[in-house]
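An overview of the molecular structure
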Amino acid sequence: MRQEDNNYKIDIGLGEIVIPKVNKFPKDDVAAVGMFEVTKSDLEQLKSQNRKVRISVTGVLKIGKDVEKELFLETVSSVTVSGIVNASKELKEVIKDYK
């Protein structure tokens, strides 16, 4: 997988799949098809607003390597992913426990 022009491209052997990148939290329920990226900055902003979000992704959920478990638990109330989770081992375990 490689990033190019705010999109991610995955070579599946028969060609490339282009996955658009989405990375904002306009509501407390987020549903995305494609790539959804969660950064430490995103979660800190949610925390400062006393908000928790529910995340549902079909595609790829990417969580920044600098996102701590405690911050994630404080700001994300549920996670459902049909696809790939790109995160630290610790956060993958947290996400697995949400199911």
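Look above for the structure.
Heads up: these notes are all about the structure in this document. (Residues numbered from 1 in each chain as written. Predicted model: local features only at pLDDT ≥ 70, side-chain atom pairs only at ≥ 80, totals over all residues. Heavy atoms only, no water.)

1. A word on helix 1 (residues 40-48)
Those residues of helix 1 that fall on the buried side of the exposure criterion are Asp42, Leu43 and Leu46. Taken around the axis of helix 1, the buried residues stretch over an arc of 90°, which confines them to a single face. Taken together, the buried residues of helix 1 touch strand 4 (29-38), strand 5 (53-63), helix 2 (69-75) and strand 6 (76-86). Asn50 occupies a position one or two residues after helix 1 and carries a positive phi of about 55°. (Buried < 20%, exposed > 50% of the residue type's maximum accessible area, 1.4 Å probe, protein only. Helix = DSSP H or I, 4+ residues; strand = E, 2+ residues; numbered from the N terminus. Arc of directions from axis to C-beta. Contact = heavy atoms within 4.5 Å.)

2. With respect to the pattern of salt bridges
Here the structure, examined in full by the defined rule, presents 5 salt bridges. Among the salt bridges present, the one from Asp28 reaches Arg51, with a minimum N-O distance of 2.9 Å. Of this pair, Asp28 sits in the loop between strand 3 (16-22) and strand 4 while Arg51 is found in the loop between helix 1 and strand 5, placing the two residues 23 residues apart along the sequence. Assessed through its relative accessible area of 34%, Asp28 is described here as partly exposed. A salt bridge links Asp29 to Arg54, with the nearest nitrogen and oxygen atoms 2.4 Å apart. Placement of Asp29 in strand 4 and of Arg54 in strand 5 is noted, with a sequence separation of 25 residues between them. (Salt bridge = Lys/Arg side-chain N within 4 Å of Asp/Glu carboxyl O.)

3. With respect to the side chain of Asp42
Structurally, Asp42 is set in helix 1. The class for Asp42 is buried, based on a relative accessible area of 7%. Here the side chain of Asp42 touches Thr39 through a polar contact of 3.0 Å, side chain to side chain. (Polar contact = N/O pair within 3.5 Å; in protein donor to acceptor, adjacent residues only side chain to side chain.)

4. Examining the side chain of Thr75
Of note, Thr75 is situated in helix 2. When residues no more than four places from it in sequence are discounted, the contact partners of Thr75 are Leu43, Leu46, Lys47, Arg51, Lys52 and Val53.

5. Brief notes about a nonpolar patch on the surface
Together, Ile12, Leu14 and Ile17 make up an exposed nonpolar region whose accessible area comes to about 340 Å². Of note, Ile17 is situated in strand 3. By relative accessible area, Ile17 is classed as partly exposed at 38%. (Patch = residues over 30% accessible without salt bridge, like charges linked within 9 Å, V, L, I, M, F, W, Y side chains within 5 Å. Areas by Shrake-Rupley, 256 points an atom, 1.4 Å probe, with all protein chains shown as cover.)

6. Remarks on helix 3 (residues 89-98)
Among all positions in helix 3, only Leu91, Val94 and Ile95 are buried. Along the axis of helix 3, the buried positions cluster into a sector of 95°, meaning they face one direction only. Projecting away from the buried face of helix 3 at angles above 90 degrees are the exposed residues Lys89, Lys96 and Asp97. Elements in contact with the buried residues of helix 3: strand 5, helix 2 and strand 6.

Limitation: the analysis is restricted to geometry and does not speak to function.
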